[in-house]
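Chain and residue survey
Here are the chains, one letter per residue:
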Amino acid sequence: MLKAFKYRLYPSDSQADFFMRSFGCVRKVYNLMLNDRIESYKKHRETGEKIKLPTPAQYKNEFPFLKEVDSLALCNAQLQLKAAYNHFFSHPSSGFPRWKSRKNPVQSYTTNNQNGTIAIVEGRYLKLPKMEPVRIKLHRQLQGLIKSATISRTATGKYFVSILCETEVEAKKLTGSAIGMDLGVTSFAAFSDGTKVQNPKHLTKSSARLSKAQRKLSRRALQAKKEGRFLADSRNYQKQRILVAKLHEKIVNQRNDFHNKLSTYLVNNHDVICVETLNVKGLVRNHRLAGALHDVSWSAFLSKLTYKAEWYGKQVIQVGRWFPSSQICSSCGHWDGKKGLHIREWSCLSCGATHDRDVNASVNIRAEGLRQFHGTA
Ligand SMILES: [Zn+2]
C-alpha cells in the first residue's frame, strides 16, 4: 500500500534557488514535449508520417541548463504529461492538457528514490538528488520504504515535500457497523444515525474573510489600472495579493484537517460507509449552490475517505446518482416524489412519518449501499 507523508522544508537561499531552477526545468520539458506532441500530431494528420517523440534527455543538447537539475524530475514531467493525455482521452470534457505557466505561484517537481538517493538524515535533514541535505520538520515518523518525493512551493513561498512510501497497513478492528452519509448543503453531512456534522466555524469564518479580501484585491487592481500602473509595481495590490494567498492556504489547511478528522472517525467506527455519488459539475453550475458546495468541497473529502477505508480494510460504497435518496420515505418505502432544495423537512403522505430531508436521504443511502454490498437485487 502506498502512503504519503507531508513535511515542511526549510531550504537555504541557494537550495531554494535550486528548487526554483528545478521547477523551471520541469516546466520547460513539459511544455517542450507538449509542443512536440501537438506538432507531430499535425504532421501526422497531413502526411500520415509517424514521428518519434524525443525523450527528456534529448532536449539537453539544445538546452544545456537542463543538465544541472535532477534528471528523474525531468522523466517524471514526461510521465505527468502522459497521464494528462490519458486523462484527456478518458475524460474529453476535462479539456486538453494545458501549458505549465511560470506565473503560477504553485510549482512542484517529483523525483524517485534509487538506492537511498532520498533519505531522512539524522532526523533533521532530507537527502535529495543533486543537492545538499535540506532541513526538514519531521513532525511525525515516516513509515515504510521511500518510493518518491514531490517538492512543492506554495503561493506564499513555503516549501513542502510529500514523500510516498510503500507500507503495510494493519486493518482496523471490525465494528459490525454500517452507516449512510448524505453530503448536505445546509450542513456538511447528515448520517443515518440521525446526527449531522456542520462545517467547522473557523472554516466558515475564514471563508468569509477570504471573499472580503478577494473583493478588496479586485478593487486594488482596478485602482492601479485607473492610475495606469502595472500590477507588479503596485505595492498595495501586491500586499493584498499575498494576504489573499495566505488566507487561501489557511482555508486549505483547515479544511484538510477537518476532512482528516471526520474520515478517520468514520473508518474507526464503521465497517461499511455508504455515500452518494453526486454530479459535482452539474451542481456547481447551479448558481445558488455554488458557494455552499465549493465550501463543503466534499469530493476532496470522499477521496480521503476512500483511501483511508482502503488502508484500513473498510468499505466505501458509492450509491449511483440516479438513486432518489431524498424522494423515498425511509420508514415505509413510499415514493413521495421530487422535492425542491428549499424543502428541509417533510411528512410522508403514506405513513405520516416526519423526516429531516438529509437524514432521511442518508438512511436510504445506507439501505441502498448495503443492498449493493451484499449483492442482493
Ligand atoms: Zn412513509
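Residues numbered from 1 in each chain as written. Predicted model: local features only at pLDDT ≥ 70, side-chain atom pairs only at ≥ 80, totals over all residues. Heavy atoms only, no water.

Within an unreviewed UniProt entry, the label attached to the chain reads Putative transposase, and the organism entered is Paenibacillus typhae.

A few points about the overall build of the chain
Within the chain one finds eight helices and 14 strands. Looking at the chain as a whole, 40% of its 377 residues qualify as buried. Approximately 22,100 Å² of the chain is accessible, and the part contributed by carbon and sulfur atoms is 53%. Side chains of the chain carry 62 positive and 29 negative charges; the gap between the two charge centres is 6 Å. (Helix = DSSP H or I, 4+ residues; strand = E, 2+ residues; numbered from the N terminus. Buried < 20%, exposed > 50% of the residue type's maximum accessible area, 1.4 Å probe, protein only. Areas by Shrake-Rupley, 256 points an atom, 1.4 Å probe, with all protein chains shown as cover. Lys, Arg positive; Asp, Glu negative; His and termini not counted. Charge placed at Lys NZ, Arg CZ, Asp CG, Glu CD.)

Overview of the coordination of the zinc ion
All of the protein donors around the zinc ion are Cys-329 (SG), Cys-332 (SG), Cys-348 (SG) and Cys-351 (SG); their distances to the metal are 2.2 to 2.4 Å. Mapped onto the sequence, the donors of the zinc ion take the spacing C-x2-C-x15-C-x2-C. Placement of the pair is Cys-329 in the loop between strand E12 (315-319) and strand E13 (345-347) and Cys-348 in the loop between E13 and strand E14 (354-356), with a sequence separation of 19 residues. Of the two residues, Cys-329 and Cys-348, neither departs from the other in class, the shared state being buried. (Donors = N, O, S within 2.8 Å, 3.2 Å for Na, K, Ca; no water.)

Describing the packing of helix H3 (residues 201-226) against helix H4 (residues 235-269)
Look at H3 against H4: their axes get within 9 Å of each other, and the N-to-C directions meet at 160°. Classified by the angle between their axes, H3 and H4 sit roughly antiparallel to one another. Crossing hand, H3 versus H4: left-handed. Contacts from His-202, Leu-203, Ser-206, Ser-207, Arg-209, Leu-210, Ala-213, Gln-214, Lys-216, Leu-217, Arg-220 and Ala-221 of H3 reach H4 at Asn-236, Tyr-237, Gln-240, Arg-241, Leu-243, Val-244, Leu-247, His-248, Lys-250, Ile-251, Gln-254 and Arg-255. (Axes fitted to C-alpha atoms, helices over the stretch in contact; angles between N-to-C directions. Parallel < 35°, antiparallel > 145°, perpendicular 65-115°, else oblique. Left-handed = near helix turned anticlockwise from the far one by under 90°. Contact = heavy atoms within 4.5 Å.)

Observations concerning the nonpolar core
Core analysis: the largest hydrophobic core is formed by 38 residues, its most contacted members being Leu-9, Phe-19, Leu-128 and Val-161. Mapped by element, the contributors of at least two residues to this core are strand E1 (2-10), helix H1 (13-47), helix H2 (71-90), strand E5 (134-137), strand E6 (145-153) and strand E7 (159-166). When residues in this core are grouped by element, the largest group, eleven residues, is from H1. The residues contacting Leu-9, other than those within four sequence positions of it, are Phe-19, Leu-126, Val-134, Arg-135, Ile-136, Ile-151, Tyr-159, Phe-160 and Val-161. Core analysis: the second largest hydrophobic core is formed by 20 residues, Met-181, Leu-183, Phe-191 and Phe-258 among them. (Core = buried A, V, L, I, M, F, W, Y, C linked by side-chain atoms within 4.5 Å.)

Comments concerning the pattern of salt bridges
This model, assessed by the stated rule, comprises twelve salt bridges. Close ionic contact of Arg-21 with Asp-17 constitutes a salt bridge, the shortest N to O distance being 3.6 Å. Linking Arg-21 with Asp-17, this pair stays in helix H1, spanning four residues, or about one helical turn. Residue classification places Arg-21 among the partly exposed residues on the basis of a relative accessible area of 36%. With its nearest N and O atoms 3.1 Å apart, the salt bridge here joins Glu-249 to Lys-158. Here Glu-249, found in helix H4, pairs with Lys-158, found in the loop between E6 and E7; they are 91 residues apart in sequence, far enough to count as distant. Residues joined by salt bridges that share partners form a network here, namely Asp-17, Arg-21 and Glu-68. (Salt bridge = Lys/Arg side-chain N within 4 Å of Asp/Glu carboxyl O.)

A few points about the sheet that holds strand E2 (residues 107-112)
Pairing in this open sheet of seven strands is antiparallel, and the strands run E2-E6-E7-E1-E5-E4-E3 from one edge to the other. Every other strand in the sheet has two partners, leaving E2 and strand E3 (119-121) as the edge strands with one partner each. Taken pair by pair, the neighbouring strands of this sheet meet at an average axis angle of 35°, ignoring direction. (Pairing = 2+ DSSP bridges.)

Things to note about the sheet that holds strand E11 (residues 272-276)
The strand order across the open sheet formed by five strands is E10-E9-E8-E11-E12, and the pairing between neighbours is mixed. Each edge of the open sheet is held by one strand with a lone partner, namely strand E10 (196-197) and E12. The pairing of E11 with E12 spans five bridges and is parallel. Across the sheet, residue Glu-276 finds its bridge partner in E12, namely Val-319. Sheet strands in contact with H4 are strand E8 (178-183), strand E9 (189-191), E10 and E11, and its direction is about 150° off that of E8.

Details of the packing of H1 against H2
Helix packing for two helices is described by the angle between their axes and how far apart those axes are. Relative orientation of the contacting elements H1 and H2 amounts to 45°, with a least axis distance of 9 Å. Viewed along their axes, H1 and H2 adopt a mutual orientation that is oblique. The element H1 and its partner H2 pack so that their crossing is right-handed. Contacts between H1 and H2 involve Cys-25, Val-26, Val-29, Tyr-30, Met-33, Leu-34, Arg-37 and Ile-38 on the former and, on the latter, Ala-73, Leu-74, Ala-77, Gln-78, Gln-80, Leu-81, Lys-82, Ala-84 and Tyr-85. Among the residues making up the contact of H1 with H2, the classes are represented as 13 nonpolar, two polar and two charged. (Nonpolar A, V, L, I, M, F, W, Y, C, P; charged D, E, K, R; others polar.)

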